Amino acid sequence: MVTLERTSVMTIRPLMLDEIYLCVPFGYLFHDEKKVPGTFNPEVFMKNWTLFINSGNGTIFGLWKGDELIGGLGGYIFPDITTGESVANEFFWFVQKEDRKGSWPLRLRETYKSWAKERGAIRHRLVHLLEPNETPSTVRLAHVYRRWGMTPIEVVFDGLL
């Protein structure tokens with residue numbers, strides 16, 4: 001069973017379907033901060049996450065400060081398309097800038113990993129969107145991912161058709 005993190009102020013727990021909309025402001029902030037191509041569409045976000053969560057293979061772990069959602073990590077478990085191994089894939093990991101200090105953002109990852117392992121995933125993958133002026137060889141957080149025992153396996157290129 002996933003151990004939910006609690007203190008008198010901070011909590012990590014899976015979002016319920018009727019709470020998905022609380023992530024919408026983070027979608028806008030994330031797209032702006034990371035310069036993600038395209039325009040964030042809250043209806044598409046909510047439709048997809050409802051589908052993912054209802055499937056039993058997806059979740060969004062919310063990071064709460066009291067009654068306020070301050071961040072979250074969303075992911076989905078599915079078979080790797082070449083090996084068939086059950087893999088947990090993080091789709092977003094966002095915490096408000098003012099709340100990124102301390103261990104709570106990292107506890108989101110640990111809670112997510114525990115959830116994935118309990119559901120039979122044998123690997124987990126984290127996405128790192130490149131910062132402006134960052135290249136695959138200069139990823140600022142590469143040392144953190146390596147300390148966690150992770151290695152880069154892919155770089156995605158995006159372009160309009």
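Note that the structure is predicted; figures quoted are calculated from it, not measured. (Residues numbered from 1 in each chain as written. Predicted model: local features only at pLDDT ≥ 70, side-chain atom pairs only at ≥ 80, totals over all residues. Heavy atoms only, no water.)

Draft legend 1. Representation of the pattern of salt bridges within the structure. Summed over the entire model, instances satisfying the criterion amount to seven salt bridges. R125 is the salt-bridge partner of D80, the closest N and O atoms lying 3.0 Å from each other. Here R125 lies in strand β5 (residues 123-125) and D80 lies in the loop between β3 (68-79) and β4 (86-95), a separation of 45 residues in the sequence. On the basis of relative accessible area, D80 is assigned to the buried category, the value being 13%. Ionic pairing is found between R119 and E118, a salt bridge with its closest N-O pair at 3.9 Å. (Salt bridge = Lys/Arg side-chain N within 4 Å of Asp/Glu carboxyl O. Helix = DSSP H or I, 4+ residues; strand = E, 2+ residues; numbered from the N terminus. Buried < 20%, exposed > 50% of the residue type's maximum accessible area, 1.4 Å probe, protein only.)

Draft legend 2. Fine view of helix α1 (residues 24-34). When α1 is considered as a whole, its buried residues turn out to be V24, F26, G27, F30, E33 and K34. Taken together, the buried residues of α1 touch α2 (42-55), β3 and β4. Taken from the residues just after α1, K35 is the one with a positive phi, measuring 55 degrees. (Contact = heavy atoms within 4.5 Å.)

Draft legend 3. The packing of aromatic side chains, seen in detail. Tallied over the entire structure, the rule returns 16 aromatic pairs. Aromatic pair F61 and W115: ring centres 6.3 Å apart, planes at 80 degrees, arrangement edge-to-face. One end of the pair, F61, is in strand β2 (residues 58-65); the other, W115, is in helix α3 (residues 104-118), and 54 residues separate them in sequence. As far as the burial class goes, F61 and W115 line up, both buried. An angle of 75 degrees between the planes, with centres 5.8 Å apart, marks the rings of Y145 and W148 as edge-to-face. On the accessibility criterion, Y145 (15% relative accessible area) is buried. Positioned above the aromatic ring of W104, the side-chain terminus of R107 is 4.2 Å from the ring centre. (Phe/Tyr/Trp six-rings, centres within 6.5 Å; stacked < 30°, edge-to-face > 60°. Lys NZ or Arg CZ within 6 Å of the ring centre and 35° of its normal.)

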